[in-house]
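# Notes for the structure review
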Amino acid sequence: MGNGGGKLIGMKVVQSPIKRWPGIVTLAEPLTLPQARLIEAALGPIQSDTADGERVWFSTLDAAQLPAIVACVEKWELSGFPETVTADNFPASPRGDSHKLIEWLYKEILAVYFGESEIPNE
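Within each chain, residue numbers correspond to sequence positions counted from 1 in written order. Selection of residues for local features in this predicted model requires a pLDDT of at least 70, selection of side-chain atom pairs for listing and counting requires 80 or more, and totals for whole chains, interfaces and linings are taken over all residues. Heavy atoms throughout the structure, all of them, feed into the side-chain values; hydrogens and water do not.

Nonpolar cores were defined as sets of buried Ala, Val, Leu, Ile, Met, Phe, Trp, Tyr and Cys residues, with membership established by side-chain atoms within 4.5 Å. Exposed residues in this analysis have more than 50% of their type's maximum accessible area, buried residues have under 20%, and partly exposed residues fall in between, with area computed by a 1.4 Å probe over protein chains only. Core analysis: the largest hydrophobic core is formed by 24 residues, its most contacted members being Val25, Ile69, Trp76, Phe81, Phe90 and Leu101. The greatest single-element share of this core, amounting to 7 residues, is contributed by helix H3 (residues 95–114). The contacts of isoleucine 69, once residues within four sequence positions are left out, are Trp76, Ile102, Leu105, Tyr106 and Ile109. Runs of E in the DSSP output that reach at least two residues are strands. Runs of H or I that reach at least four are helices, and both are numbered from the N terminus. Two residues qualify as a contact provided that any one of their heavy atoms is within 4.5 Å of a heavy atom in the partner residue.

Shown next as structure tokens:
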């Protein structure tokens, strides 16, 4: 995984790869302990009401990661996005694009959490 953008003191700036929401997002760096705890909570097994082998919906995965994302993003500069982003107003549709954005942001935050050199290239 590349660094995805430039570095400023105390921040990591990344460019959105999602065509629906172009722009940049500024992540906190270094992270605080409360931010790290939210990231760790999303790393655990996803709790769902599905039986073994049943489908787990993207929204279940996204709901686990979104609190960490909202807590770790210092600034949102994405076209068509709310000026102030919360878990309650984060765009959830179209579902595919929303999930891809959450998945990408969480991976970028994990790169800060674990340290860039410890994340294997994909």
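Here the narrative resumes, following the displayed structure.
Bringing the environment of valine 70 into the picture now. The topology assignment puts valine 70 in helix H2 (residues 58–72). Overall, the relative accessible area of 23% leaves valine 70 in the partly exposed class. Each C-alpha atom, one on valine 70 and one on valine 85, is 7.0 Å from the other, the two residues being 15 residues apart in sequence. Ignoring anything within four residues of it in the chain, the contact list for valine 70 reads Val85, Thr86 and Ala87.

At a closest axis distance of 8 Å, the pairing of helix H1 (residues 33–43) and H2 adopts a crossing angle of 160 degrees. Relative to H2, the element H1 is oriented roughly antiparallel. H2 is crossed by H1, and the crossing has left-handed handedness. Of the residues in H2, those in contact with Gln35, Leu38, Ile39 and Ala42 of H1 are Ala64, Gln65, Pro67, Ala68, Ala71 and Cys72. For the contact of H1 with H2, the per-class residue count stands at 8 nonpolar, 2 polar and no charged. Axis lines are fitted to C-alpha atoms, over the contacting stretch for helices. Their N-to-C directions set the angle, which ranges from 0 to 180 degrees. Roughly parallel means an angle under 35 degrees; roughly antiparallel, over 145; roughly perpendicular, 65 to 115; everything else is oblique. Two helices that cross are described as forming a left-handed crossing if the nearer one is turned anticlockwise from the farther one by less than a right angle, and a right-handed crossing if clockwise. Nonpolar residues are Ala, Val, Leu, Ile, Met, Phe, Trp, Tyr, Cys and Pro. Charged residues are Asp, Glu, Lys and Arg, and all others, Gly as well, are polar.

This part covers the packing of H2 against H3. In contact at an axis separation of 9 Å, H2 and H3 are set at 50 degrees when each is read in the N-to-C sense. With respect to H3, the element H2 is oriented oblique. Judged by the sense of rotation from one axis to the other, the crossing of H2 with H3 is left-handed. On H3, the residues touching Phe58, Ser59, Leu61, Asp62, Gln65, Leu66, Ala68, Ile69 and Cys72 of H2 are Arg95, His99, Ile102, Glu103, Leu105, Tyr106 and Ile109.

Bringing the packing of aromatic side chains into the picture now. Working definition: a ring pair exists when centres of Phe, Tyr or Trp rings (six-membered ring for Trp) sit within 6.5 Å. Plane angles under 30 degrees give stacked, over 60 give edge-to-face, the rest tilted. Tallied over the entire structure, the rule returns 5 aromatic pairs. Aromatic side chains tryptophan 76 and phenylalanine 81 sit 5.5 Å apart centroid to centroid with 20 degrees between the ring planes, which places their arrangement in the stacked category. A residue is classified by how much of its surface remains accessible, and phenylalanine 81, at 11% relative accessible area, is buried. With centroids separated by 4.8 Å and ring planes inclined at 85 degrees, the aromatic side chains of tyrosine 113 and phenylalanine 114 adopt a geometry described as edge-to-face. The structure contains a cluster of three or more aromatic residues connected by ring pairs, namely Trp21, Trp76, Phe81 and Phe90.

By themselves, these are just geometric observations and shouldn't be taken as functional.
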